[in-house]
Amino acid sequence: MKVCPNCNEAFEGRANKLFCSLYCKSAHNYEKDKKKPPTRFKIVDNQLRLNRKLLAKYNQAGKATIRKDKLLKDGFDPNFITNWWKNSKGDTYLFCYDYGFLARKENGKEKYILIQWQEYMNKQ
């Protein structure tokens, strides 16, 4: 009789079976992986997802302006982008997937102009 390392229940099975069920095997490996330090991929992926979430939250109309400090306070990091687009005026919008931003200074305050990716942007 063997004991499951996840739930401490006794179980029977083949000689090399370690867990009583697939659920216990999955739960045990999930907890083990949570203790590992995050990989660079996970750090970047999490920040990109947070950036996109924040840009989508503050840009529900398709174009919006927000104070830079408010966005940064919420955890936005402008160094994590997926692509960029330059308009006809020469302004370069940085994008996090389908939401973009452009840094501007208006009335002495730093702001971001937020936009959403449009079909015509593919042609440039």
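All of the points below concern the structure found in this document.

Here is what the cut-offs are and how they apply
Residues numbered from 1 in each chain as written. Predicted model: local features only at pLDDT ≥ 70, side-chain atom pairs only at ≥ 80, totals over all residues. Heavy atoms only, no water. Helix = DSSP H or I, 4+ residues; strand = E, 2+ residues; numbered from the N terminus. Rg over C-alpha atoms; globule rule 2.2 N^0.38 Å. Buried < 20%, exposed > 50% of the residue type's maximum accessible area, 1.4 Å probe, protein only. Contact = heavy atoms within 4.5 Å. Areas by Shrake-Rupley, 256 points an atom, 1.4 Å probe, with all protein chains shown as cover. Salt bridge = Lys/Arg side-chain N within 4 Å of Asp/Glu carboxyl O. Phe/Tyr/Trp six-rings, centres within 6.5 Å; stacked < 30°, edge-to-face > 60°. Core = buried A, V, L, I, M, F, W, Y, C linked by side-chain atoms within 4.5 Å. Pairing = 2+ DSSP bridges.

Per the secondary structure count, the protein chain includes 3 helices and 7 strands. Ordering the α and β elements of the protein chain from the N terminus gives β-β-α-α-β-α-β-β-β-β. By the compact-globule yardstick of 14 Å for 124 residues, the protein chain is too spread out, its C-alpha radius of gyration being 23 Å. Principal-axis analysis of the C-alpha atoms gives the protein chain an extent of 75 × 35 × 25 Å. Within the span of the protein chain, comprising 124 residues, buried residues form 28% of the whole. Looking at the protein chain alone, contacts between residues at least 24 apart form 39% of all its contacts between residues at least 6 apart. Accessible surface for the protein chain amounts to roughly 9100 Å². Of this, 51% is attributable to carbon and sulfur atoms.

Let us look at the pattern of salt bridges. Per the counting criterion, the structure on display carries 8 salt bridges. In this structure, the salt-bridge partner of D33 is K36, at a minimum N-O distance of 3.5 Å. A relative accessible area of 43% places D33 in the partly exposed class. A salt bridge links K111 to E106; the nearest nitrogen and oxygen atoms lie 3.8 Å apart. For K111, a relative accessible area of 19% puts it in the buried group. The exposure class assigned to E106 is partly exposed, which follows from its relative accessible area of 30%.

So, on to the packing of aromatic side chains. Taken as a whole, this structure holds 6 aromatic pairs when the rule is applied. Considering the side-chain rings of F76 and Y112, the 5.8 Å spacing of their centres and the 65 degrees angle between planes classify their relative orientation as edge-to-face. A residue pair is termed long-range when its members are at least 10 positions apart, and F76 in the loop between α3 (68-73) and β4 (83-86) and Y112 in strand β7 (residues 109-116) qualify at 36 residues. For Y112, a relative accessible area of 2% translates into the label buried. Measuring from centroid to centroid gives 5.2 Å for F101 and Y112, while their planes differ by 75 degrees, and the two rings are edge-to-face.

Residue placement: Q47 occurs in helix α2 (residues 40-58). Leave out the neighbours within four places in its chain, and Q47 touches G75, F76, D77 and F80.

Nonpolar side chains tend to gather and get buried jointly when the protein is soluble and globular. Among the nonpolar cores identified, the biggest contains 14 residues, and L55, L71, F76, Y112 and L114 are the most heavily contacted of them. The element best represented in this core is α2, accounting for 5 residues. Y93, F95, I113 and M121 belong to the second-largest nonpolar core, a separate cluster that totals 7 residues.

A word on the pairing of strand β3 (residues 63-67). Here β3 shows a clear split, with A64 and I66 buried on one side and none of K63, T65 and R67 buried on the other. Where β3 lies against β7, 5 bridges are found, and the strand directions are antiparallel. By the bridge assignment, R67 is partnered in β7 with K111.

That is the geometry; function is a separate question.
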